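Here are the chains, one letter per residue:
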Amino acid sequence: MIPIMPILTVVIVLSVIFTVALKKHSKSYGTKFEEYINHEIDANAVKSKPIADGDFFVPDMSAFPIMPDQGEDLPVLRRQRDVINRAGKKMMRFDKPMSNTELKLKYGTVNLEKITEYEENFYQFTYAINNWAEALLEKNDEIAAEKVLRAGVLCRTETSKTYTVLADIYFKQRRRTALQELYDTVNNRNMPAKEKTWRYLNDLLIKMGS
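The rules we used
Starting afresh in each chain, residues are numbered from 1 along the sequence in its written order. Local features in a predicted model are, by the rule used here, given only for residues with pLDDT of at least 70; side-chain atom pairs are given and counted only at 80 or more, and totals for whole chains, interfaces and linings are based on all residues. Only heavy atoms go into the side-chain values, all of them from the structure, while hydrogens and water stay out. Segments assigned H or I by DSSP are reported as helices when at least four residues long, segments assigned E as strands when at least two residues long, and all are numbered from the N terminus. The classification of residues rests on relative accessible area computed with a 1.4 Å probe and restricted to protein chains. Under 20% of the type maximum is buried, over 50% is exposed, and intermediate values are partly exposed. What makes two residues a contact is simply this: any of their non-hydrogen atoms within 4.5 Å. Per-residue and other accessible areas were derived by the Shrake-Rupley procedure at a 1.4 Å probe size, with only the shown protein chains allowed to occlude residues. Interaxial angles span 0 to 180 degrees and are taken between N-to-C directions of axes, which are lines fitted to C-alpha atoms, for helices over the stretch in contact. The labels follow the angle: roughly parallel below 35 degrees, roughly antiparallel above 145, roughly perpendicular from 65 to 115, and oblique for the rest. Each crossing gets its handedness from the near helix: less than a right angle anticlockwise from the far helix is left-handed, clockwise is right-handed. Gly is put with the polar residues, along with every residue not named as nonpolar or charged; the nonpolar set is Ala, Val, Leu, Ile, Met, Phe, Trp, Tyr, Cys and Pro, and the charged set is Asp, Glu, Lys and Arg. Multiplying one less than the number of residues by 1.5 Å gives the expected span of a helix. Here a polar contact means two N or O atoms within 3.5 Å. Within protein one must be a hydrogen donor candidate and the other an acceptor candidate, and residues neighboring in sequence count only if both atoms are side-chain atoms. What pLDDT conveys is the predictor's confidence in a given residue, as a value from 0 to 100. Side-chain rings of Phe, Tyr and Trp, where Trp is taken by its six-membered ring, are said to pair if the distance between their centres is within 6.5 Å; with planes under 30 degrees apart they count as stacked, over 60 as edge-to-face, and otherwise as tilted. Here, a charge over a ring is recorded when the distance from Lys NZ or Arg CZ to the ring centre is within 6 Å and its angle to the ring normal is within 35 degrees.

Q: Mind laying out the overall build of the protein chain, listing which residues take part and the relevant values?
A: Helix and strand content of the protein chain: eight helices and zero strands. Taken from N to C terminus, the helices and strands of the protein chain fall in the order α-α-α-α-α-α-α-α. Put simply, the protein chain has 210 residues, and 34% of those count as buried. Within the protein chain, contacts between residues separated by at least 24 positions form 70% of all contacts whose residues are at least 6 apart in sequence. Carbon and sulfur atoms make up 57% of the accessible area of the protein chain, which amounts to about 13,400 Å² in all.

This is the structure in structure tokens:
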């Protein structure tokens, strides 16, 4: 017959341990939540701070293969115009993602909406770069498409397509060194689809062999 007392003792001990752990967790959560609230209150108290000129992203348009444009209604020129037009808008990008609280502390609550707009301008600019490169590839102009995509990489675009389409060009041309350099670039970037992009380039390197 199994002794009743030892079993009850074990159950009681486990209950005490669980209760103590739960209280510690609740206390830890409560402390973190309180810190978050205080941090948010401090952030909301910062009404406005000037955005320094150096905080804006200004693309180097000399890196792009801009062709003469007489206003012809051609897909490549339309998309080139789109890139040039978007390059003239105010843009912001951050190497490390920042929370709204961090943004408010640095720039003030008044500027939060503007910063969101400036970030969106950057994303739209990079999407336009990809569209321009695709239009060039459609007319079999790989040289210009490569230059456009490389310029996009220099702009530190966060869209995976910039890197994967450029990688496809390098793979097709059997340029392993260029592909390896692009692979290393992605590995050192902080971007949403980094892991997916990295795997794609890695697979191409494996297929290409040594």
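Q: Tell me about the packing of helix 7 (residues 176-187) against helix 8 (residues 194-208), residues and numbers included.
A: Relative orientation of the contacting elements helix 7 and helix 8 amounts to 160°, with a least axis distance of 10 Å. Relative to helix 8, the element helix 7 lies roughly antiparallel. Helix 8 is crossed by helix 7, and the crossing has left-handed handedness. Across the interface between the two elements, R176, L179, Q180, L182, Y183, V186 and N187 of helix 7 pack against K194, T197, W198, L201, N202, L204, L205 and M208 of helix 8. Taken together, the residues of the contact of helix 7 with helix 8 break down into nine nonpolar, four polar and two charged.

Q: How would you explain helix 5 (residues 142-154) if you had to name every residue and give the values?
A: Its 13 residues place the ends of helix 5 18 Å apart at the C-alpha level, agreeing with the 18 Å of an ideal helix rising 1.5 Å per residue. Of all the positions in helix 5, only E142, A144, A145, E146, V148, L149, A151, G152 and V153 are classed as buried. On its buried side, helix 5 packs onto helix 4 (112-138), helix 6 (160-172) and helix 7. Just downstream of helix 5 lies R156, where phi reads positive at about 60°.

Q: Can you lay out the side chain of R93 for me, pointing to particular residues and giving the numbers?
A: Topologically, R93 is positioned in the loop between helix 2 (75-87) and helix 3 (100-107). Its relative accessible area of 16% is what places R93 among the buried residues. Within the structure, the side chain of R93 is placed 2.8 Å from the side chain of D95, a separation counted as a polar contact. Contact partners of R93, with chain neighbours within four places excluded, come to F57, F122, C155 and R156.

Q: How would you summarise the confidence of the model for the protein chain if you had to cite specific residues and measurements?
A: Put simply, the protein chain has an average pLDDT of 85, and 77% of its residues get 70 or more. Within the model, pLDDT remains below 50 along residues 1-5, and this stretch shows one contact once partners closer than five positions in the same chain are excluded.

Q: If you had to explain the packing of aromatic side chains to someone new, which residues and values would you point to?
A: Here the structure, examined in full by the defined rule, presents six aromatic pairs. Arranged with centres 5.2 Å apart and planes meeting at 85°, the rings of F57 and F122 form a pair that is edge-to-face. Taken together, the positions of F57 in the loop between helix 1 (4-45) and helix 2 and F122 in helix 4 put the pair 65 residues apart, joining distant regions of the chain. Note on accessibility: F57 and F122 belong to one class, buried. One aromatic cluster is present, built from ring pairs that chain together F57, F122 and Y123. Taking the ring centre of F171 as reference, the NZ or CZ of R174 above it sits at 5.5 Å.

Q: How would you summarise the packing of helix 4 against helix 5 if you had to cite specific residues and measurements?
A: Following both chains from N to C, one finds helix 4 and helix 5 inclined at 165°, their axes separated by 8 Å at the closest point. What the angle tells us is that helix 4 and helix 5 run roughly antiparallel. Crossing angle aside, the handedness with which helix 4 passes helix 5 is left-handed. Of the residues in helix 5, those touching helix 4 at I129, N130, W132, A133, L136 and L137 are E142, A144, A145, V148, L149 and G152.

Q: Any chance you could break down the side chain of T164 for me, citing the residues and the numbers?
A: Relative to the assigned elements, T164 resides in helix 6. On the basis of relative accessibility, which here comes to 16%, the residue T164 falls in the buried class.

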